[in-house]
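Listed below, chain by chain, are the residues.
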Amino acid sequence: MSYEQPINQSPIGGLENIRKADEPCTIVIFGASGDLTSRKLIPALYHLYLDGQMPDSFRVVGFARRDKTDESWRMEMRESLAVHSRTKSVDDAKWDDFAKNLSYHKGDLTDSDAYTRLADRLQVYQNESLKNNLVFYLAISPSLFGDVVDYLHDAQLLKRWEEGDEFWQRVVVEKPFGHDLQSASLLNNHLLRHARERQIFRIDHYLGKETVQNIMMFRFSNAIFEQLWNRETIEHVQITVGETVGVGGRGGYFEEAGTIRDMMQNHLLQILSLVAMEPPPSLAAEDVRGEKVKALKSIRAMTPEDVAERVVRGQYFAGTVNGESRMGYRQEEKVDPESNVETYVALKLFVDNWRWSGVPFYLRTGKNLPMRASEVRVQFRPTPNVLFAAQGDLDLLPNALTLRLQPDEGISLRFNGKVPGNSITSRPVRMHFGYDSEFGAYTPEAYERLLLEAMAGDATLFIRRDEVETAWRIVDDIRAAWGDQPLTNREFYAAGSWGPMAAEELLANDGYVWHNPQPAE
Ligand SMILES: NC(=O)c1ccc[n+]([C@@H]2O[C@H](COP(=O)([O-])OP(=O)(O)OC[C@H]3O[C@@H](n4cnc5c(N)ncnc54)[C@H](OP(=O)(O)O)[C@@H]3O)[C@@H](O)[C@H]2O)c1
């Protein structure tokens, strides 16, 4: 496949492809000594800088408790960049230019004085925009989100935006956003005491991925597919997000979260909403998010009986993932040896609206699966089998479209082709578009796009309050139905397999099988 015209629009937001955050601003990273900052945030800012997408003037202030100087923090970030940069190399001169903008602020998040000192520090900047246009990135434990916003308000660093204001402040909030509907709603109320919804940027890093954004481009700019995108032609949809890792050192966190909260509530439901949404009236953030929320709200609520029938949880036991042996979940560090926490979930959902009535959406995600891959598979209805039926046992498979979101990003369409020769035999074949082969290996990291959009003030790729709460409502119903019931034998799976038997049966009962992602050819 080849493209004939250069692409000059980004998939979401109606933006120029090379977008730039043009207003000078200061990014304050809370959690500057943490894993997310060194692995993702600083590398993302550095690459934006290299690509000329940072504002002409900007500052980055790292905030954490540990004792560091500006220079020692820069050095640490430089070392980490060497490991985590997507280009695997660092241009020393460019880094030095970039790093002049970085400084470290030592402080405790629960100490009001630290915020007063932060405010004083920002006042030193000559440029009014650097003093007042502020992005507060909360790369810290969610239990501290509310407090930080209170302190920022008290120190007059965070002001509620009013029409006509010359300057702006924005708060970027990492996941997890709450652990159920009630906590998410309380957190929302808390944040919204001091900021407007338009100032809050809730992260789901999946939305920063090129291929996830491409779902909208693919659907709404290609006449042939969008016409088929409904119950008349589509038989079912599968969404798979596979991880090859176990819980590793995060056993303590995982015992509290489980896969349904860690992955399903956010990433998979976000993908579903993009696949199922109606075309928005425009690409403005509120229009796009409004349609996504409508899709989520159309998901049929589940009774406990529905949950028993349509939801499968699973937990891995010891096995081998790609030749590497793995311990069972119950043997992991900081995990209860009798834990019933799920490391795998499969769901069958219905989106009860005009477009999707009766079409099952099967979603699954799990840890210690054989392949790290995320994909959406749309299976079309079969043709009436009249014409070739007389030919006996023809291998006619329904058409299927696969959107591979990661890795080996691309789109494939399966159809039936005639095998050359004098007899009528068929074989499923595919048409394939690969991102790398088409556009080269340039794939910005999700955090680059998200930081850029936060600086530019475009919230399209962030989760709105009603989105996060609607997703929690779906997950809460399921968790309530599980209660404290122990896992059954059918719900365990060997590390390195594609999940428990019960998940295979979920589809088999409807006459389908899971399509397991395949390595690139
Ligand atoms: N890491 C990831 O890949 C990832 C992915 C998705 C979401 N997240 C989310 O991002 C957030 C941060 O994750 P992380 O993995 O970076 O955590 P982390 O490595 O544990 O870092 C936590 C940071 O918070 C700071 N901190 C904690 N208490 C503080 C206090 N009282 N005052 C000042 N600073 C304090 C720590 O600094 P000091 O110890 O120096 O005080 C450290 O810089 C979490 O909400 C997490 O769920 C992380």
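A quick note: this is a predicted structure, and the numbers were derived from the prediction, not measured. (Residues numbered from 1 in each chain as written. Predicted model: local features only at pLDDT ≥ 70, side-chain atom pairs only at ≥ 80, totals over all residues.)

## A few points about the packing of helix α7 (residues 181-194) against helix α15 (residues 465-482)
Between α7 and α15, whose axes approach to 8 Å, the crossing angle comes to 165 degrees. Classified by the interaxial angle, the pair formed by α7 and α15 is roughly antiparallel. Helix-helix and strand crossings are classified by hand; for α7 and α15 the assignment is left-handed. On α15, the residues that touch L181, A184, S185 and N188 of α7 are R465, V468, E469, W472, R473 and D476. Counted by class, the contact of α7 with α15 contains four nonpolar, two polar and four charged residues. (Axes fitted to C-alpha atoms, helices over the stretch in contact; angles between N-to-C directions. Helix = DSSP H or I, 4+ residues; strand = E, 2+ residues; numbered from the N terminus. Parallel < 35°, antiparallel > 145°, perpendicular 65-115°, else oblique. Left-handed = near helix turned anticlockwise from the far one by under 90°. Contact = placed C-beta atoms within 7 Å. Nonpolar A, V, L, I, M, F, W, Y, C, P; charged D, E, K, R; others polar.)

## A short note on the sheet that holds strand β16 (residues 426-434)
Across the sheet, nine strands lie side by side as β16-β15-β14-β13-β7-β12-β11-β8-β17; this open sheet has mixed pairing. In this open sheet, the two edge strands, each paired with only one partner strand, are β16 and β17 (492-494). Taken pair by pair, the neighbouring strands of this sheet meet at an average axis angle of 20 degrees, ignoring direction. Sheet topology places strand β8 (residues 311-317) next to strand β11 (residues 344-350); four bridges connect them, and they run antiparallel. Bridging from a neighbouring strand, V311 pairs with L347 of β11. The strands touched by helix α10 (residues 251-276) are β7 (234-242), β11, β12 (360-366) and β13 (373-380); relative to β12, the strand with the most contacts, the crossing angle is about 140 degrees. This element, helix α16 (residues 501-508), spans β8, β11 and β12 of the sheet and lies at about 150 degrees to β8. (Pairing = 2+ DSSP bridges.)

## Topic: the sheet that holds strand β1 (residues 25-30)
Taken in spatial order, the six strands make up an open sheet running β3-β2-β1-β4-β5-β6, and their pairing is parallel. Strands with a single pairing partner mark the edges of an open sheet, and in this sheet they are β3 (102-106) and β6 (200-202). Strand-to-strand, the axes of this sheet are offset by a mean angle of 20 degrees, without reference to chain direction. Relative to strand β2 (residues 58-64), β1 runs parallel, the two being bridged by six bridges. Looking across to β2, one finds that F30 is bridged to F63.

## With respect to the pairing of strand β5 (residues 169-173)
With respect to burial, β5 is a largely interior element, five of its five residues being buried. Across the two faces of β5 the burial is the same, with Q169, V171 and V173 and R170 and V172 all buried. Pairing geometry for strand β4 (residues 134-138) and β5, over five bridges, is parallel. Bridge pairing links Y137 to V172 in β5. (Buried ≥ 20, exposed ≤ 12 C-beta atoms within 10 Å, placed from the backbone.)

## What about the site of the ligand?
Neighbouring the ligand are 18 residues, the closest being G31, G34, L36, R65 and R66. Split by residue class, the shell around the ligand holds seven nonpolar, five polar and six charged. (Near = placed C-beta within 6 Å.)

## Regarding the nonpolar core
Grouped together as the largest cluster of nonpolar side chains are 131 residues, with contacts concentrated most on F136, Y137, L138 and V171. By residue number, the principal contributor to this core is α10, which donates 11 residues. Setting aside residues up to four positions removed in sequence, L138 forms contacts with F30, F145, V148, V171, V172, V173 and E174. (Core = buried A, V, L, I, M, F, W, Y, C linked by C-beta atoms within 7 Å.)

## Things to note about the pairing of β8
For a regular strand, side-chain orientation follows a simple rule: the groups alternate between the two sheet faces. Within β8, six of the seven residues are buried, leaving the element largely enclosed by the surrounding structure. Across three bridges, the pairing between β8 and β17 is parallel. Across the sheet, Q315 pairs through a bridge with F492, a residue of β17.

## A word on the environment of V311
Position of V311 among the secondary structure elements: in strand β8. The exposure class of V311 is buried, given the 25 C-beta atoms found within 10 Å. In this structure, the C-alpha to C-alpha distance between V311 and Y362, residues 51 residues apart in sequence, is 9.7 Å. Excluding residues within four positions of it along the chain, V311 makes contact with L347 and I478.

## A closer look at the domain arrangement of the protein chain
Assigned domains within the protein chain: domain 1 (25-174) and domain 2 (207-508). A separation of 34 Å is found between the C-alpha centroids of domain 1 and domain 2. Residue assignment for the side of domain 1 that touches domain 2 shows that the elements contributing at least two residues are α1 (35-50) and β5. Among the elements that make up the side of domain 1 that touches domain 2, the one with the highest residue count is α1 (six residues). Across the side of domain 1 that touches domain 2, the residue classes break down as nine nonpolar, two polar and three charged. (Domains from an automatic or database assignment.)

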